[in-house]
Amino acid sequence: MRDYQMEISLTAARKQKPAFDQLQFGRHFTDHMFVMDYSTEKGWYDPRIIPYQPVTLEPSAMIFHYGQTVFEGLKAYLSKEGQVLLFRPEKNMERMNRSNARLCMPPIDEEFALYALKQLLSIEKDWIPSYEGTSLYIRPFIISTEPFLGVAPSNSYRFMIILSPVGAYYKEGINPVKISVEQEFVRAVQGGTGNAKTAGNYAGSLKAQEMAGNSGYSQVLWLDGKEKKYIEEVGSMNVFFKINGEVITPVLNGSILDGVTRDSIIQLIEHWNIPFSERKISMEEIYQAHKEGTLEEAFGTGTAAVISPIGEFFWQNEQLEINNGETGELAKKLYDTLTGIQYGTHEDPFGWRVEVLEEALNI
Ligand SMILES: *Cc1c(COP(=O)(O)O)cnc(C)c1O
């Protein structure tokens, strides 16, 4: 880890906290943020924790025009004993650097970024809600800041980490969602940026999402960008199926985002000796399995919801109901195990938990 000097300036006026038992996702932000700058001459410099505040940029800053930016998403959990816990945070820092590489952005020092995050969390500990299922959502992101309208990689960047207390994703137990299989739009193509967490992927997905929403579906199932045959993701989550006892997830092909939750689920399934394969899977195969009665479960996976069971697919004018529209046994077991590991109530056989210790803070 590089030996950066971190400046910390605390706010004079702490904000009034929102009611932690009725939080919406991503609406409230804590008192402080982490900021660090980059220039081609200096590299990354001037790491600091400062009061949460607006960002001032020139209108010509490159981020506003060509979208050269990356982000991450992870959570801090408060255990019953009052420990601050992270779940595999080093995976997020690694992935941020993979996204950086794809977007021609400079790599961050992963170890330092994690250290900076821990310092920020030590300052904002009171913002981690303690109600069951709530957490503090962490959003690290990097934007291109050079004032220049040429299409080229920026020569300057800003790395920031902001924090947002979030409510329980499932307030009345896990509820399966209805999914429309997207036939017109695609999320990503091989060779594109689908495997990077970069803004454009999400901007490009909104139209399909809006149209599915208007038809009463909560998300879309994305098919591959070339043949529109093979399943890639669901909404902004990875997707798993259970067919005739075997768990299947689409193999990472360059257009699928490599989820930390996805990877953790694969390790758990293999640990439990459940038959598993990572391969190409077509919508036709899902349709056939449904017809034969062997499609047992389908669910999305990601940091926000952990597991989001799918109760119905709409495909080619047919409604395919899965497991009577109820949450499957495997989805439930995975949800309980992963959240148990995250909140510290379940044993952690893979060493995924990282505790943020108070002494991390050296102001
Ligand atoms: C972030 C994300 C996921 C899930 O990744 P996790 O690391 O499990 O949160 C899946 N698909 C897309 C498109 C994503 O942006």
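Note that the coordinates shown come from a computational prediction; the quantities given were computed from them, not determined experimentally.

### A few points about the overall build of the protein chain
- The secondary structure content of the protein chain amounts to eight helices and 18 strands.
- Its C-alpha atoms give the protein chain a radius of gyration of 21 Å, near enough to 21 Å, the size a compact globule of 363 residues would have.
- Overall, the protein chain is about 60 × 50 × 35 Å in size when its C-alpha atoms are taken along their principal axes.
- Looking at the protein chain as a whole, 53% of its 363 residues are labelled buried.
- A separation threshold of at least 6 residues defines the contact pool for the protein chain, and within that pool the share at least 24 residues apart is 71%.
- One finds the centroid of the 34 positive side-chain charges in the protein chain at a distance of 2 Å from the centroid of its 48 negative side-chain charges.

### Observations concerning helix H7 (residues 283-292)
- Within H7, burial applies to Met283, Ile286, Tyr287 and Ala289. Along the axis of H7, the buried positions cluster into a sector of 165°, meaning they face one direction only. Seen from the open side of H7, the exposed residues pointing more than 90 degrees away from its buried face are Lys291 and Glu292.
- A positive backbone phi angle near 80° is found at glycine 293, which sits one or two residues after H7.

### Section: the domain arrangement of the protein chain
- As assigned here, the protein chain comprises domain 1 (7-167) and domain 2 (177-327).
- Taken together, the contact pairs 17 residues of domain 1 with 17 residues of domain 2.
- Between domain 1 and domain 2, a total of about 1400 Å² is buried, with carbon and sulfur atoms accounting for 55% of that surface.
- The three residues of domain 1 that bury the most area against domain 2 are Phe71, Arg95 and Arg102, which together make up 39% of that side's buried surface.
- One salt bridge connects aspartate 258 with arginine 98, and the closest N-O pair in it is separated by 3.4 Å.
- The tally of links from domain 1 across to domain 2 stands at 11 residue pairs in polar contact (both at pLDDT 80 or more).
- Top element by residues in the side of domain 1 that touches domain 2 is helix H2 (residues 89-102). It accounts for six residues.
- Here the residues of the side of domain 1 that touches domain 2 sort into five nonpolar, five polar and seven charged.

### Quick notes on empty space enclosed by the protein
- All chains considered together, the criterion is met by three cavities of 30 Å³ or more.
- Taken together, the elements giving at least two residues each to the lining of the largest cavity come down to strand S5 (74-78) and helix H6 (260-271).
- In terms of residue count, S5 provides more of the lining of the largest cavity than any other element does, three residues in total.
- A domain-level breakdown of the lining of the largest cavity finds at least three residues from each of domain 1 (7-167) and domain 2 (177-327).

### Thoughts on the side chain of arginine 187
- Relative to the helices and strands, arginine 187 is located in the loop between strand S9 (177-181) and helix H4 (199-203).
- In this structure arginine 187 comes out as buried when scored by relative accessible area, which is 12%.
- Among the polar contacts listed, one links the side chain of arginine 187 to the backbone oxygen of glycine 194, at a separation of 2.7 Å.
- One polar contact links arginine 187 to glutamate 233, side chain to side chain, over a distance of 3.0 Å.
- When residues no more than four places from it in sequence are discounted, the contact partners of arginine 187 are Gly194, Asn201, Tyr202, Trp222, Glu233, Gly235, Ser255, Ile256 and Leu257.

### Some remarks on the pattern of salt bridges
- According to the stated counting rule, one finds 17 salt bridges in the structure shown.
- Arginine 158 is the partner of aspartate 37 in a salt bridge, and the nearest nitrogen-oxygen pair spans 2.8 Å. You can see aspartate 37 sitting in strand S2 (residues 32-39) and its partner arginine 158 sitting in strand S8 (residues 156-166), a full 121 residues away along the chain. With respect to class, aspartate 37 is no different from arginine 158; both count as buried.
- Among the charged side chains, a salt-bridge network with shared partners connects Asp37, Asp46, Arg48 and Arg158.

### Quick look at the UniProt feature "modified residue: N6-(pyridoxal phosphate)lysine" (unreviewed entry) in the protein chain
- Here the UniProt-annotated "modified residue: N6-(pyridoxal phosphate)lysine" (unreviewed entry) positions come out as Lys197.
- Inspection of the secondary structure assignment puts lysine 197 in the loop between S9 and H4.
- Accessibility expressed as a relative area gives 14% for lysine 197, which makes it buried.
- Look past the residues within four positions of lysine 197 in its chain and what remains in contact with it is Thr69, Val70, Phe71, Glu72, Gly73, Arg95, Ser99, Tyr202 and Leu257.

### Details of the packing of aromatic side chains
- Taken as a whole and assessed by the stated rule, the structure comprises 17 aromatic pairs.
- Aromatic side chains phenylalanine 29 and tyrosine 52 sit 5.5 Å apart centroid to centroid with 0° between the ring planes, which places their arrangement in the stacked category. Within this pair, whereas phenylalanine 29 is found in the loop between strand S1 (7-8) and S2, its partner tyrosine 52 is found in the loop between strand S3 (43-51) and helix H1 (63-66), the two being separated by 23 residues in sequence.
- Exposure remark for tyrosine 52: the relative accessible area of 32% places this residue in the partly exposed category.
- Residues phenylalanine 240 and phenylalanine 299 carry aromatic rings whose centres are separated by 5.6 Å and whose planes lie at 10° to one another, so their mutual orientation is stacked. In this pair, phenylalanine 240 sits in strand S12 (residues 238-243) while phenylalanine 299 sits in strand S15 (residues 295-302), placing the two residues 59 residues apart along the sequence. Each member of the pair, phenylalanine 240 together with phenylalanine 299, is buried.
- Here a set of aromatic residues connected by ring pairs shows up, and it is made of Tyr4, Phe34, Tyr38, Trp44, Phe112, Tyr115, Tyr157 and Phe159.
- Residue placement shows lysine 42 over the ring face of tyrosine 45; its charged tip is 4.0 Å from the ring centre.

Cut-offs applied
- Residues numbered from 1 in each chain as written.
- Predicted model: local features only at pLDDT ≥ 70, side-chain atom pairs only at ≥ 80, totals over all residues.
- Heavy atoms only, no water.
- Helix = DSSP H or I, 4+ residues; strand = E, 2+ residues; numbered from the N terminus.
- Rg over C-alpha atoms; globule rule 2.2 N^0.38 Å.
- Buried < 20%, exposed > 50% of the residue type's maximum accessible area, 1.4 Å probe, protein only.
- Contact = heavy atoms within 4.5 Å.
- Lys, Arg positive; Asp, Glu negative; His and termini not counted.
- Charge placed at Lys NZ, Arg CZ, Asp CG, Glu CD.
- Arc of directions from axis to C-beta.
- Domains from an automatic or database assignment.
- Buried area = accessible area lost by both parts, 1.4 Å probe.
- Salt bridge = Lys/Arg side-chain N within 4 Å of Asp/Glu carboxyl O.
- Polar contact = N/O pair within 3.5 Å; in protein donor to acceptor, adjacent residues only side chain to side chain.
- Nonpolar A, V, L, I, M, F, W, Y, C, P; charged D, E, K, R; others polar.
- 1 Å grid on protein atoms, 1.4 Å probe; cavity = no way out; pocket = protein on both sides within 12 Å on 5 of 7 lines; lining within 4 Å.
- Points joined across faces, edges and corners; volume = space filled by probe spheres on them.
- UniProt positions renumbered as here; feature names shortened; annotations may be inferred.
- Phe/Tyr/Trp six-rings, centres within 6.5 Å; stacked < 30°, edge-to-face > 60°.
- Lys NZ or Arg CZ within 6 Å of the ring centre and 35° of its normal.

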